[in-house]
Amino acid sequence: MPSRQEQLLDAAIAVLGSQGSRQLTHRAVDAAAGVPAGSASNYFKTREALVNAMIVRFAERERAAWEGLAGMITPQSPQELSAVLAAYVRRAVGADRVMTIARYSVFIEAALRPEAREQLTESAREIRRWGADWLRSIGAPNPGLACELLLDAVDGLILHHLAYPDLAGDLEARLEAMVRGNLGA
């Protein structure tokens, strides 16, 4: 069971992903969390404190999601890796759409707030280590670089699926081409 503070931060992520950064207020977080007015401001005195704490919580949640995925699956071929990534993209633009939109908003906040970058950078490093392990298992000659390029491409693919769903194209074919391209195949 999440603590009250975690509930508020999860609500802040939901507000950010569903309403945008301009709507991220203490009052909106209280309403989204279903708690009495003033609850968020009791924990986070300023909007800046709320945003910084939300970024830390977001990084924790993203790291936990990838850790769970990495612990369940070890792709053994480029096709299996492409299928895993396709499932990830579909979930990101479908069931997890609000979290995904919040994710891109958090990236923008981190670009504007150097103090927020450290937590996100550490999460990105961990995720890239797991991805490099996957790529190593299917024969990538330089798994670290291949992972960076592949995850950056997947981020772009997700962003385009969110912004231009009518131009999405064949997801599996695109991902398999990206995986094979990063393997040098």
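Computed from a predicted model, the values in this text were never measured in an experiment. (Residues numbered from 1 in each chain as written. Predicted model: local features only at pLDDT ≥ 70, side-chain atom pairs only at ≥ 80, totals over all residues. Heavy atoms only, no water.)

Engineer: Quick question: what am I supposed to make of the pattern of salt bridges here?
Structural biologist: A side chain with one charge may pair with a side chain of the opposite charge, provided their charged atoms come close. Under the counting rule described, the total for this entry stands at 15 salt bridges. Note that Glu109 and Arg113 form a salt bridge whose closest N and O atoms lie 2.7 Å from each other. Of the two residues, Glu109 and Arg113, both sit in the buried class. Taken together, the shared-partner salt bridges connect Glu6, Asp10, Arg57, Glu60 and Arg61 into one network. (Salt bridge = Lys/Arg side-chain N within 4 Å of Asp/Glu carboxyl O. Buried < 20%, exposed > 50% of the residue type's maximum accessible area, 1.4 Å probe, protein only.)

Engineer: Got a minute to help me understand the layout of surface pockets in this structure?
Structural biologist: Once rolled over the atoms, a probe with the size of a water molecule shows which space is left empty. Reported here for the largest pocket is a volume of approximately 490 Å³. Lining of the largest pocket is provided by 22 residues; of these, Ala65, Tyr88, Arg91, Asp96 and Met99 occupy positions nearest its centre. Where the lining of the largest pocket is concerned, the elements lending two or more residues are α1 (4-19), α4 (47-72), α5 (78-93) and α6 (97-112). In terms of residues, the lining of the largest pocket owes the most to one element, α4, which gives six residues. In this structure, the second largest pocket encloses a volume near 310 Å³. (1 Å grid on protein atoms, 1.4 Å probe; cavity = no way out; pocket = protein on both sides within 12 Å on 5 of 7 lines; lining within 4 Å. Points joined across faces, edges and corners; volume = space filled by probe spheres on them. Helix = DSSP H or I, 4+ residues; strand = E, 2+ residues; numbered from the N terminus.)

Engineer: Honestly, the packing of aromatic side chains in this entry has me stumped. Any pointers?
Structural biologist: When we look at a pair of aromatic rings, we describe it by the centre distance and by the angle of the planes. Scanning all chains against the criterion turns up four aromatic pairs. Between Trp66 and Tyr88 the ring centres are 4.8 Å apart and the planes differ by 50 degrees, which places this aromatic pair in the tilted class. With Trp66 in helix α4 and Tyr88 in helix α5, this pair connects stretches of sequence that are 22 residues apart. Neither residue differs from the other here; Trp66 and Tyr88 are each classed as buried. Seen in terms of ring centroids, Tyr104 and Phe107 are 5.8 Å apart; in terms of plane orientation they differ by 80 degrees. Their pairing is edge-to-face. You can see Tyr104 and its partner Phe107 sitting in helix α6, three residues apart, about one turn around the helix. Note on Phe107: relative accessible area 30%, which makes it partly exposed. Among the aromatic residues, ring-to-ring pairing joins Trp66, Tyr88 and Trp134 into one connected group. The ring of Tyr104 has Arg103 lying over it, and the distance from NZ or CZ to the ring centre is 5.7 Å. (Phe/Tyr/Trp six-rings, centres within 6.5 Å; stacked < 30°, edge-to-face > 60°. Lys NZ or Arg CZ within 6 Å of the ring centre and 35° of its normal.)

Engineer: Sorry if this is basic, but what is going on with the nonpolar core here?
Structural biologist: As a rule of thumb, nonpolar side chains are buried together in soluble globular proteins. Counting 30 residues, the largest nonpolar core has Trp66, Leu81, Val89, Leu135, Ile158 and Leu175 as the members making the most contacts within it. Ranked by residue count, the leading element in this core is helix α8 (residues 143-163), at eight residues. Apart from the residues lying within four places of it in its own chain, the contact partners of Leu175 are Ser82, Leu85, Ala86, Val89, Val154 and Leu157. Counting 26 residues, the second largest nonpolar core, distinct from the first, contains Ala12, Ile13, Met54 and Val106. (Core = buried A, V, L, I, M, F, W, Y, C linked by side-chain atoms within 4.5 Å. Contact = heavy atoms within 4.5 Å.)

Engineer: I keep staring at the side chain of Asp10 and nothing clicks. Help me out?
Structural biologist: Inspection of the secondary structure puts Asp10 in helix α1. Among the polar contacts listed, one links the side chain of Asp10 to the side chain of Arg57, at a separation of 2.8 Å. Apart from residues no more than four positions distant in its own chain, Asp10 is found in contact with Arg57 and Arg61. (Polar contact = N/O pair within 3.5 Å; in protein donor to acceptor, adjacent residues only side chain to side chain.)

Engineer: What is the right way to read the packing of α6 against α8 from this model?
Structural biologist: Helix packing for two helices is described by the angle between their axes and how far apart those axes are. It is the contact of α6 with α8, at a shortest axis distance of 11 Å, that shows an interaxial angle of 115 degrees. Viewed along their axes, α6 and α8 form a crossing whose handedness is left-handed. On the side of α6, the interface is formed by Arg97, Thr100, Ile101, Arg103, Tyr104 and Phe107, while α8 contributes Asp155, Ile158, Leu159 and Leu162. Taken together, the residues of the contact of α6 with α8 sort by class into six nonpolar, one polar and three charged. (Axes fitted to C-alpha atoms, helices over the stretch in contact; angles between N-to-C directions. Left-handed = near helix turned anticlockwise from the far one by under 90°. Nonpolar A, V, L, I, M, F, W, Y, C, P; charged D, E, K, R; others polar.)

Engineer: Can you help me understand the confidence of the model for the protein chain in this one?
Structural biologist: Should the pLDDT be low somewhere, the predicted coordinates at that spot are not to be read in detail. Mean pLDDT for the protein chain: 90, with 98% of residues reaching 70 or above. By mean pLDDT, the top-scoring element of the protein chain is helix α2 (residues 26-33) (98), and the lowest-scoring one is helix α9 (residues 171-183) (85). (pLDDT = per-residue confidence, 0-100.)

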